[in-house]
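A closer look at the structure
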Amino acid sequence: MANDSSKKHVNQQWLKLLSNTLEIEAFPDSSSLPYSLGYQIFFENITSLRAMSFSSLDVHDCEYQLRLTLFDVVHKRFIGRTFCSKFYNPDSDQRQEVALKLPVYFHTTVADKNLIMVAEIVAKTFPKNPMPEDTTTEKLASLGWGYHRLFPPTDKLADVSYDISSSTKKIDLIRGTPKALFYLEEPLEANVALRKSPGSMVTFTLLKHAALSPVSHLMQENVFYAGYDRVPGLKHEAVRIPGTDEYDLYLQPHLLESATGYVDNLTIRFATSIQKFESELCRLVLNQQADEDDDDGATMFKEKNSAYVTERRIEVGVHNGHCFIQTPQHAYLEPENCDVALTKNSSFGKGRKKFAISGTCLVLRSRLQFSKFPIDPKVALVFKLHYLLTIPRYTEHAKFGNCQTLAVMIAWTSWNPFHTAMHYEDPVSLHVYGGAQISPSRQLFYNLGLKEKCRIDALSFNFLTEAQIKQQKRSPSRSVLYDQTIPSRQASFKQEEISQHQYRDQRSPQRERRVPIMSASGSSFDGGSPIFENMMEESSPSPLPPARNMNRSPSYRRTPIPYISGSNFPEIVDSKGHPAVDVDYNTTLASNILPNILTNEVLQASEIVFQFQAFCDPAYDDREHPSSSIQSLFFTFQFYRFEPVSTQRVSLGAVELNEHGSVKPRLLRKIETSDYDADHSGLEVRFFFDPTSIRPGETKSFLNYLATNSLVIDVWNGENLMLVGTASLPLRGLLRHGRPAISVSCGLDVSHTDYDGENVISAEIVEDSSVCFLGLPTLQRGKLCMRAGHIGHKGERIMSIGGNQRPPLIDADISRKSFYGGTISSIVTRDTSKITRKVKPEKVKDAFKQIVDYHASSVGDKASQHLNEVELRKLERMKAVREAESLNGPPTPGQRAILKNQQKTPQIRDLLTVMDYRNDLRDDQISEMLLMSITTTHSIYPVLGVAELIEFRISNPFDTDETITVTCTDTDLRLITDGKEWQYFKEHYGLTTPIEENIFTFDALTGHPQFLLHPKESVILPFRYQGFASSEMSKSRQVSDYFNPSSKGPTRTVENLAREMLRKNIQVVLRSKTDSRPISILNLKVESQPPVINQTFRFFHPENTFMKKCIRLQPFGKLGEEKFHVECDDIEVVCHSRATRPDDPREIYIKAPCGESPHVRMFFLTIYSDKYTAYPSQVWRFFLHGMQRVDVSCVYGQISKLPVLIRGSSTDRLLQCFSSQPYEMKIYPKEPFVISTKNKAEVEVSVKSRFIQGKKTRHLYINVVDNEFHQLYRSCLVVVKTEEPIITKEFNLSISKDLTSTCNKMISYTNPYACHKLFHLSTSRSDLLKFREDILKLSSRQKTNIGLRFQPGFAVLKKVPVYVFINDEHGQNEESFLINLAFV
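These figures come from a predicted structure and were not determined experimentally. (Residues numbered from 1 in each chain as written. Predicted model: local features only at pLDDT ≥ 70, side-chain atom pairs only at ≥ 80, totals over all residues. Heavy atoms only, no water.)

1. Structural notes on the pattern of salt bridges
- This model, assessed by the stated rule, comprises 37 salt bridges.
- A single salt-bridge network, built from bridges that share partners, covers R149, E186 and E189. (Salt bridge = Lys/Arg side-chain N within 4 Å of Asp/Glu carboxyl O.)

2. Observations regarding the confidence of the model for the chain
- Looking at the chain as a whole, the pLDDT averages 77, with 74% of positions reaching at least 70.
- This model gives residues 397-401 a pLDDT under 50, and the stretch forms seven contacts once residues within four places in sequence are excluded.
- Overall, residues 621-628 carries pLDDT values under 50, and its contacts beyond four positions in sequence, including any with other chains, amount to 23 contacts. (pLDDT = per-residue confidence, 0-100. Contact = heavy atoms within 4.5 Å.)

3. Quick notes on the pairing of strand β18 (residues 380-392)
- In terms of burial, β18 is largely enclosed, as 13 of its 13 residues are buried.
- Alternating residues of β18 divide into A380, V382, K384, H386, L388, T390 and P392 and L381, F383, L385, Y387, L389 and I391, and every residue in both groups is buried.
- Pairing analysis gives eleven bridges linking strand β13 (residues 308-319) to β18, with the strands arranged antiparallel. Counted as the bridge partner of V318 is L381 from β18.
- Bridge count between β18 and strand β19 (residues 403-415): twelve bridges; the pairing is antiparallel. Paired with I391 across the strands is Q404, a residue of β19. (Buried < 20%, exposed > 50% of the residue type's maximum accessible area, 1.4 Å probe, protein only. Helix = DSSP H or I, 4+ residues; strand = E, 2+ residues; numbered from the N terminus. Pairing = 2+ DSSP bridges.)

4. Considerations on the sheet that holds strand β59 (residues 1225-1228)
- Taken in spatial order, the three strands make up an open sheet running β57-β61-β59, and their pairing is antiparallel. Every interior strand has two partners, whereas the edge strands, β57 (1199-1207) and β59, have only one. Within the sheet, the average angular offset between the axes of one strand and its neighbour, ignoring direction, is 25 degrees.
- Two elements, β59 and strand β61 (residues 1240-1248), share four bridges in a ladder whose sense is antiparallel. If you follow K1226 over to β61, its bridge partner there is S1246. (Axes fitted to C-alpha atoms, helices over the stretch in contact; angles between N-to-C directions.)

5. Description of the environment of H330
- Here H330 lies in strand β14 (residues 329-332).
- Look at H330 and you get buried, because its relative accessible area is 18%.
- The sequence separation of H330 and L385 amounts to 55 residues, and the corresponding C-alpha distance is 9.9 Å.

Right, dumping it as structure tokens:
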């Protein structure tokens, strides 16, 4: 038991502040806005005081006070808290007025016309001419009141930040008190009983205040705050109010510095055992419930009912004395010692499986994290303990009825972390409180002083900050948390970004009944919803740093909200039109929560929204220059199994600087196209996922993809079609956790890793399944500001999404009952569920039209070959005679017989042709119909590279033993003959079908598997399908297929790409070995699904050559159990893997052919690390861009020129050349030019290398773009090899490392020519060295001094070589100096 002297009590200053901030909450249905808005009311003055004063009062002896409150006219209720200003003296010159000059601030969600502001004027008087023995007493009297509707429908309020003169409003004062509002009916303006004081009014202005939103969580809603009221957590930085000596804290509010705090080892100790405490609690609750009934009912209630504890919860929140500044965190408590037992007779429940509880402590087995904790001594941690009890209701006719759930508030306490100093090793022990006393949220708690066995001894925990953790790791000495009043320690607390989860309340379906010993305010913790429970079980991440520091670790910072929020981006709303809940991205990424599979989730369909909002250019120094001035962008990416997306081009706004000198984010706007929207900025892409229209079990795969993967976005320059960089967006923040819609805003680093020139690429697979490159430089190309959202929708029907999708057991159809006769086409297309035993005859001519026509034409050709000219002439004469006879009169009987015979001849010929055809094909058709009668059709939907298990059960229909041979011509499908492999698949899918081992043998001639079946015996045949072909997607394509915008609509579905994947039919025939008769046929319909891409590689390689790369991965998976293997879907690409030992790097070798420029080859690579290479651990996509190679050799600091030839096409083209590094490689001409049909054009390329690679080469790129159609016409790869210059002079120079100003040095130089010469100076370190003059004009043999100015701030380099180049007017190098600079 803890010592009472060591237990801390609630801080009395904080408790006093809590007692003074009582408020009345508004009705929940009063809120008209999804979020709170801030407002400013500036009261100017009160006029005509004498008209309001009573005859007994004298204005000269009075002081006046303004009181404000809000009133809901619909519910007849005052809300918030009454605001009382300080007392004001009347103006000495104008005694009829009081100059207030008072700014008042508040925020509310009830922006409705039914909300009115009530103002009351109160006078404070003193006795006139008091006697000396009289005590001076003051009296308060109400002079009048008035009201004003704050939000009429016709008013549009401006913001305080805008320099707009707002119209002055007034409140006419009425005699009486505001109590009259309880008796008045709407409209209030029509009530004649309200008597106004003539000329008495309060004047004010009402404005919006957007800058109040960042600090609104520190203020109570619907409560007025004067400009001088300080709220804990608000920085004490004020702005002076013009015309007064007062200061305003809320005009430009700022938050105090914050720290990340952790609550660990939380323990609640009871005076007695936990079992005795909870037993007494249940007994008191039952007695309380029984007392509400009559005497007979109370006795029956006690006999038939019992209570038991369902949950023990702790609620921890950050409170500043006014309100909770963060959403309180809920966690489950567990007994210190807990064993499973079965208790039959207990007060907790009868005949139920319970936990045998022992010990005196409840503990929290996880750590709580508070990311935003203001460093203020008046900000406290509030702990509230409450139980959830269940009382089964028994009825006379049923043994068990419905259950009643009761939430019982037990105790509370608080502690101010930054009020006193403490060591992180010392646990904090707090005294707990209960009963009907002041508490946060105004709740009533369990009376802890009734009995000794119901008392809680103490609540203890450890509290530490992130700064203390780092200090503890650096030094073993004890870390002390100091008071805020010590200035030297304030800087040790790291300011954290705001992270606040906003969850919507999930109400329990069970009705909660609250007893009088609980909270009377109705605020409690609701349970019963599995969605809400999963949200509460989220564990806080460890504050310790990661084990390794990767060179590619993109940062995820919040988007620059103050600048971007003023733009008109489309709002993300849920299915009902409500705004989505904003989720802090950094806190979401830090959590280690896997997606909760909710089988009862109603909103199973998902709509994913990606909004590209702005782009930030990086900061460059003098040595590094941007690749080009980016004017437009477009993005390419692939989300989940949806089709790859190539967005339309978007333009970037002008470059602007903020007050700190940094570049503002440049807003993205659509370039005017058919879907141009001038009212909204940014670019939006939507994806719709409905589990009812895709294969079963897809929802779980989709949730796992969001939880464990990142979306890789390629950012392209819209003008020159060059890759700017790649951004990685972790998708874990898009998990809804049962909420209808969420949205996250983030800033993603756009970086580029150049691995084209590397033959061996070292990489490692990180946590989000992406690839992190090791040892390669990564360049930051900017920051992409975007917003992502996840909207839930109702599907066509509710589906179960939990667990693995088990493959069904297929029974072979050998009964022939499914065959109903008819033609082959009728069998194939007929729906067996609605089939009838009728065969509709078809016309022979229609059924065999092609055969008849072919036969007629062939017969006519053969007949015409045997007739000579004489016979043809005789036939023509006979035809003419018959036509003449038909004209002379009616035909004779002989003529009629001839005509009839002529009409029958073609029909007889057709019938004979069809009979011959049917006789020839009769055996084949009968055989095919018989095979259909024993065919079983099954459909599968495999993913590229993923193995699918198909179990096929076959029975022996004969009365003798039969040896059956299994034949299949498709190599992607094979029979599993290894029992261990079969068991591996069954464990993966959770199947319970029996396994028969050693039943398969192989034919000595054909090699086909075969097995023996006894009469009427059945066996299950396991088949494995694993396909790697992805149709024509991996073939060489035109580059326009990737750079042109996708032609799909704004919303994309996963079925679009699935239709483009491979589809085929596979037949497995089971034959008898004795006579080769087919016993059963399995017809497998394969509809391949697109894969989920984990990483995208993009290589730029010379055309018509082979690309050879080796990717070396660090070991991953379970060492010793995996079988490292790779497969490729393109048969023209050679790939293999190598890993000799479990702890050796995994090496992947790739050899792929490259097409002509600008063709692009795409192929997939699947990587396996499991024992049977069934399920890929990684799926990589490769893009191989073919480029025309141009080699150039340069001297460092000098210019090399070379021509590049461009050939024309079959049409005239308007082309323009772009360089990937304009400051290092320049192209002439820069302007667009026309190349005619089948003509040639030559452009001049000037390369001035700025880096020395040694033996390595540097790759630069040239894109030739068709400006008319905005397509890539040609690409060139410029391979630059740089050699060191010839050094004519070398200097050693030492500079003090404490240099704070420019250091000037001089080097002498003489013109070696006998004529006037112009020299240009340049250096390899333009950031470190500046020249006094960049151009030297020297006459013949003239000697001069070159002024060098070394810049300060580079002492960390210690030693650095600096080259000085002296070039002539043509760019040719004259001399090169080397300065070995050392900082000492």
